[in-house]
Amino acid sequence: MKSWLSESAARVVDGAASRWLESRAKRYGERTFEATNRSGIALQPVYGPRDLEQTPVEDVGMPGQFPYTRNLYPVHYQYQPWMDLQIIGYGVATQLRERMDLLQAEGGARGYFGGEAYNIIFDMPTSMGIDPDFPAVQGAIGDCGVSICTAADFETLFAGKNLESTHVSMVCNAGSPGILALYLAAARNRGADTTKVGGNITNYIWDFFGHCGGINFSPRGSYRLCADIAAYCAREAPRMNAITISEHNICEAGANNVQAVAFSIATVIALGEECASLGIDPDAVIPRWGFHVRYGEDFFEDVAKTRALRRLYAKLNRDRLGCRKDASLQARIHAQTAGSLLTVQQPLNNLVRNAYGALSAVLAGVNGMTINAYDEALGIPTEEAVTLSLRTSQILAEETGVTKVTDPLGGSFYVERLTTEIEQAALALIAEIDARGGLIECIESGWITDQVAASAYRWRREVEEGDRVLVGVNRYVVDEEPDIKVFRPDPQAAAIALENLERHRAQRDQAATDAALVRLREAGLTVRDGRQIGSVTESLVGAAQAGATLGEMQSVLHDVFGRNK
Amino acid sequence: MSAPEPLVPRVLLTKSFIDSHDRAIKTIALALRDGGCEVILVDYETPSDVVDVAIDEDVDVIGVSFMSGGQVAVTQAIVTALGEAGRGDLPVVVGGTIRPFDVDDLESSGVRAIFRGGEKLERVVETFRDLAAESRRRRAE
Amino acid sequence: MAGDPLTAQLDAIRAGDRRALATVISAAENDPRVAARLDRELADTPRRARRVGLTGTPGSGKSTLLAELVKLLLERGHMTGGLLVDPSSPLSGGAVLGDRARLGRTSDPRLYVRSLGSRGGHGAVAAATRTAIRLLELWGADLVLVETVGAGQGDVDIRGLVDLTVLVVPPGLGDELQAMKAGIMEVADLFVVTKADRPGAAAAAAALKDAGIGGRARGHREIIETSALTGGGIVTLADHLMQQLEVTAVPAVVHSETVTPPPPPAPSAASGRLHETFDLTGRVAIITGATAGLGRRFAEVLHAAGASVVITGRRAERLQEVAAQLERAVVAPADVSDAEGRQAVVRAAIDTYGRIDVLVNNAGVSGPPVPSEEMPAQRWDDTFAVNITGLFEMARLAGAQMLAQRSGSIVNITSVFGLVANSPVNDSAYAASKGAVVNLTRALAVEWAMRGVRVNAIAPGWFPSEMTSDMVEDESSQTYIRRCCPMQRMGHQGELDGALLFLASDASSYCTGQTLAIDGGWTAR
């Protein structure tokens, strides 16, 4: 291993360190001022050059170089600003379209290289793959996202837009395979070439950490479907990001940062191994995988975990999954500020929280950004709140000057050391998962969810006991809360959605839809057997074009791939 | 037969099967466990599922968590279904993302407590225990 | 007791009222006295379900397996009951009962599922499990599935409650199986390897093949592989279960019903029902030296208080005579100074009743007075072999089971001559051995105090027994007793009953390591 310090430099450094210890003892006596971060890593009150020695010199290097600790690109924001993706979604397609137009007028919705970009969130039934006429979901239709169940709904949402230059990111859970198919079917119906359609499907069916619940597919079924989607997209929609590994979701479910990084990388390993076992070249699919990472809890820990994640991804994809392409080793990261840290109490404080979270994401060098609205703890954001989120990002990008240098915290004794400590702690956890039979085994046994729930509970108790400060909640509490405007979803949305669906079912060619669903089932059984990977997604797109609804497709997939219990 | 105080209150905690946000409900479950309650933790598909499980498990109080929609409609459906099943006496508590405009409708639907986040766990547990004790007393009469 | 609410509720359950079923299960959980009464009243219920216990480590897939089985059993038209036991927190008494979530929707008139917290020191099945099974049977279930906690030794308890015990094993447990607690491997009647589609399933199955003989049938156990992903093996498993249940439809227990674990002591206000803390309904007691005299009396007393008894002694025919007078008794002839004999006694208790709650270490020997300087070495050794070594080994064997259950009471019978010298009746071997019992009692008590097992001793003065039969009619002996005993008489038969019941039951739940002298005041002066 190369050395960070020459012998003479080390002598100077050690001399300074011992003088520092003496002066600390003289001034403060026994007090050491050690602290602990969210992941339980012990922090020193100050770091020095010796702390660099925890990290091999070649693990730091320059931005744009393996193992990409410092960034994926030689220069970053100076050349390519982060993409802002404000999450939007409520009501039905026509209602959401009005909101999208407003966002665009405000200067949002900007993608890379002049295109438009939207980050759509669906209501819970859609996100889970359920049609609005399913009994007992009515209260949730269009409530916390947009209700979509046919390809026609997507056509309405993007009427008049060029889908080949519009980046559409779709946040969805168990309904991901069907929602992707509806979107691609809409693009085809509109005459777009799917090989040019770009965007993102979060495809959270991999997520058994707390985001798909009992309605997800069985763990093995889910990972098989992920491979199918990845293989299909590599062939037919290569600009579509086929999966988002959401470190953010794992954190939001209650995991600490080390757990979240470890579980994210373990997911990549499990997905990569599933693909490899089906004969899919990892270099053909992995370049379209990406991460969704959470910011806002512990500033420097957030920066360090990002750098550790990039380094681990590069090393493990190369050494464990056998990737050779650079793009397979580069962890692209979309940042989102922490929703679970937003408080109902004194909601304007959330503006400040979000800004700090966004700053740590930028200092970590993320590629895309979603800044939450300050009023999200109260419900769906108001237009004013969404605009303020956008302004937060714009001030950060264009006023503060933080974009002038790539990896500005690189070389910080503290950040480099913390990066390596998080990397090592995550590796230890990954080794434990391996020892327990791998990620899927740990999901099935409930071990994973127990770890996350215990961590969430510990966090909550720290808040209760005052060891963790939440301003406005357990400190600086005020008696009277200010009156905050709250967005109220349109109660008519459900009625419109139901009416649209009924009309759609009446008007479609039922025989064609039925035949397409039969083909979907056949493809499902074939893929379940490990053959013709990609044919499920192909059949889904076909079924969507033939008028099948999201829920109809989902129930075929559930039959074939099982349901999570 | 005498009906003793609930030495171990039984609580049904539930959320919709389509609502994947389970951090809050799991945290409350662990807090209730540490507060000496037995917690049955299940997802419901329909409001009547909640009633069926509550009756079979002989729970003393029901807690429903909402993170993404359906707050008022589902709660009203559950309360109504309980009434139809002759168990209108079972207290229902809701928690999670409860919007200001949900509160009045929830209260008038007969919900016994609303937890909107940031509440002390201690108080949440206390509320559940008190409601359980009251519920058991009422049934004994 | 016609017209009382519980009777009315039982009638409702018999008529299929699941709400009454739910309420009465709660009542049994919350109040051990209700459970005891239900056990008595339901003991003769003609309706009896086939009962299957599912056990296996957390994460073995037993919940998923149970869910699949339930689905199939309902399709086949069975009225099905499910009892899902999760561990209670030892600190708070609370529990997260999460197994039900794996079942999915359960709204089916032919299915009743209940989650139970294990509720305090009784291993891996809830105290009310047995009562709940009985209630399910009364409701009309013809199949009852019980899922245990699956966390350790306590899981063997399930065996006493069900007809068939299924051990669920996940793939990849090959090595761990070797080290798995022998208990559960031995009692399982059937092995299921879950997730058979996974690598490591074959290895687990192979390791199970080496498990040797065991189960009720004392034979090689079938190994069935299932996969929740493909649905494979579930039908085979269900068929196999039904077939085995046909064979063992007659309960394996010979002399009596299987018994329920003892309820924890109920906190209650002082009232006219105080005597209920002395109740031993549902408990299992071993009494050594029970062929005659005090031992026989002890067996009768514990039995009268509700316990099932396992009686041992050297003379089998005498034991049979004693047992013939008792409803719930098993005879296990053995010499407590013999290792195999001791093991046979404890095994008989566990095989028959599935647990041990009380051990009365009564067997003891003495001989004619002899000056110490003339005491033959063999006499010394023989005395110690029975009075202290045999007693210690019995305490260890039964204690192991009690520790696994995390509950039990050991009552050692020592003597006033374990407390004071027995001059002029010279038998220093006897005195020394009985003195050893007094301090062994303290040592065991302190060692096991936090693990649910209490150890106490009774030190009787002079009582009529085979050992003392010569003295009863002998005037000089009576003179000696009048001189030394403040009450100036021997004890009467029955004057040890109270002390025994006290120490054997929950009445003494805060008492351990003590020696209670019942001696007319002999040691008081």
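Cut-offs used in this document
- Residues numbered from 1 in each chain as written.
- Chains lettered and ligands numbered in written order.
- Predicted model: local features only at pLDDT ≥ 70, side-chain atom pairs only at ≥ 80, totals over all residues.
- Heavy atoms only, no water.
- Helix = DSSP H or I, 4+ residues; strand = E, 2+ residues; numbered from the N terminus.
- Contact = heavy atoms within 4.5 Å.
- Areas by Shrake-Rupley, 256 points an atom, 1.4 Å probe, with all protein chains shown as cover.
- Lys, Arg positive; Asp, Glu negative; His and termini not counted.
- Charge placed at Lys NZ, Arg CZ, Asp CG, Glu CD.
- 1 Å grid on protein atoms, 1.4 Å probe; cavity = no way out; pocket = protein on both sides within 12 Å on 5 of 7 lines; lining within 4 Å.
- Points joined across faces, edges and corners; volume = space filled by probe spheres on them.
- Nonpolar A, V, L, I, M, F, W, Y, C, P; charged D, E, K, R; others polar.
- Domains from an automatic or database assignment.
- Pairing = 2+ DSSP bridges.
- Axes fitted to C-alpha atoms, helices over the stretch in contact; angles between N-to-C directions.
- Core = buried A, V, L, I, M, F, W, Y, C linked by side-chain atoms within 4.5 Å.
- Buried < 20%, exposed > 50% of the residue type's maximum accessible area, 1.4 Å probe, protein only.
- Buried area = accessible area lost by both parts, 1.4 Å probe.
- Salt bridge = Lys/Arg side-chain N within 4 Å of Asp/Glu carboxyl O.
- Polar contact = N/O pair within 3.5 Å; in protein donor to acceptor, adjacent residues only side chain to side chain.

Novice: Could you give an account of the overall build of chain A, naming the residues involved and the relevant values?
Specialist: When its secondary structure is counted, chain A shows 19 helices and 12 strands. Restricting the contact set of chain A to residue pairs at least 6 apart, pairs at least 24 apart contribute 78%. Of the accessible surface of chain A, which amounts to about 21200 Å², a share of 52% is contributed by carbon and sulfur atoms. Treating the 54 positive side-chain charges of chain A as one cloud and the 70 negative ones as another, the clouds have centres 4 Å apart.

Novice: If you had to explain empty space enclosed by the protein to someone new, which residues and values would you point to?
Specialist: Scanning the model with the defined rule gives eight cavities of 30 Å³ or more in all. A volume near 110 Å³ is recorded for the largest cavity. Around the largest cavity, the lining is made up of 15 residues, and of these Ala140(A), Ser16(B), Ile18(B), Tyr44(B) and Gly69(B) lie nearest the centre. Across the lining of the largest cavity, the residue classes break down as eight nonpolar, six polar and one charged.

Novice: Tell me about the domain arrangement of chain C, and name the residues and values.
Specialist: Domain boundaries in chain C define domain 1 (13–247) and domain 2 (278–524). In this structure, domain 1 of chain C and domain 2 of chain C have C-alpha centres spaced 38 Å apart.

Novice: Describe the sheet that holds strand β3 (residues 95–97) of chain C, listing the residues and the values that go with them.
Specialist: With parallel pairing, the six strands of this open sheet are ordered in space as β5(B)-β4(B)-β3(B)-β1(B)-β2(B)-β3(C). The open sheet has two edge strands with one neighbour each: β5 (113–115) of chain B together with β3 of chain C. On average, each strand axis in the sheet is inclined to that of its neighbour by 20 degrees, with strand direction left out of account. Strand direction decides the pairing type here: strand β1 (residues 10–16) of chain B and strand β2 (residues 38–44) of chain B, joined by seven bridges, are parallel. Counted as the bridge partner of Thr14(B) is Val42(B) from β2(B). Sheet contacts for helix α1 (residues 23–34) of chain B: β1, β2 and β3 (61–66) of chain B together with β3 of chain C; angle to β1(B), the most-contacted strand, approximately 175 degrees. Along the sheet, helix α3 (residues 71–84) of chain B makes contact with β2, β3 and β4 (92–96) of chain B, crossing β3(B) at roughly 160 degrees.

Novice: Quick rundown of the sheet that holds strand β6 (residues 166–171) of chain A? Include the residues and the values.
Specialist: Residues and elements named next belong to chain A. If you trace the five strands from one edge of the open sheet to the other, you get β4-β5-β6-β7-β8, paired in parallel fashion. In this open sheet, the two strands that pair with only one neighbour each are β4 (87–88) and β8 (240–241). With three bridges connecting them, β6 and strand β7 (residues 199–201) associate as parallel partners. Across the sheet, the residue bridging to valine 168 is glycine 199, located in β7. On top of the sheet, helix α2 (residues 93–105) reaches β4 and β5 (116–121); it is set at about 140 degrees to β5, its chief contact.

Novice: Give a detailed account of the nonpolar core, specifying residues and quantitative values.
Specialist: Core analysis: the biggest nonpolar cluster contains 134 residues, and Phe154(A), Tyr183(A), Trp289(A) and Phe291(A) have the highest contact counts within it. Among the elements that line this core, the one with the most residues is helix α8 (residues 257–277) of chain A, at 11 residues. Those residues in contact with Trp289(A) that sit more than four places away from it in its chain are Ala230(A), Ile243(A), Val268(A), Leu271(A), Gly272(A), Cys275(A), Tyr313(A) and Arg332(A). Grouped together as the second largest cluster of nonpolar side chains are 34 residues, Ala22(C), Val34(C), Leu136(C) and Ala141(C) included.

Novice: Give me the interface of chain A and chain B: which residues, what numbers.
Specialist: Contact with chain A, which involves 45 residues of that partner, is made by 35 residues of chain B. Roughly 3000 Å² is buried in total at the junction of chain A and chain B, and carbon and sulfur atoms are behind 58% of that figure. The largest share of the area that chain A buries against chain B comes from Met124(A), Tyr457(A) and Glu464(A), three residues that together contribute 21% of it. Between chain A and chain B we count three salt bridges in total. One salt bridge in this structure joins Asp34(B) and Arg461(A), with 3.5 Å as the shortest N-O distance. Put simply, chain A and chain B have nine residue pairs in polar contact (both at pLDDT 80 or more) between them. Those elements giving two or more residues to the side of chain A that touches chain B turn out to be α3 (124–127), α7 (247–252) and α15 (447–464) of chain A. Here the side of chain A that touches chain B is built from residues that sort into 25 nonpolar, 11 polar and nine charged.

Novice: Quick one: what's the story with the pairing of strand β4 (residues 111–117) of chain C, residue by residue and with numbers?
Specialist: Residues and elements named next belong to chain C. Where burial is concerned, most of β4 is hidden: seven out of the seven residues are buried. With burial as the criterion, each face of β4 is covered, one bearing Leu111, Val113, Ser115 and Gly117 and the other bearing Tyr112, Arg114 and Leu116. Of the pairings in the sheet, the one linking strand β2 (residues 80–86) to β4 comprises seven bridges and is parallel in character. Along β4, the bridge assignment pairs leucine 84 with serine 115.

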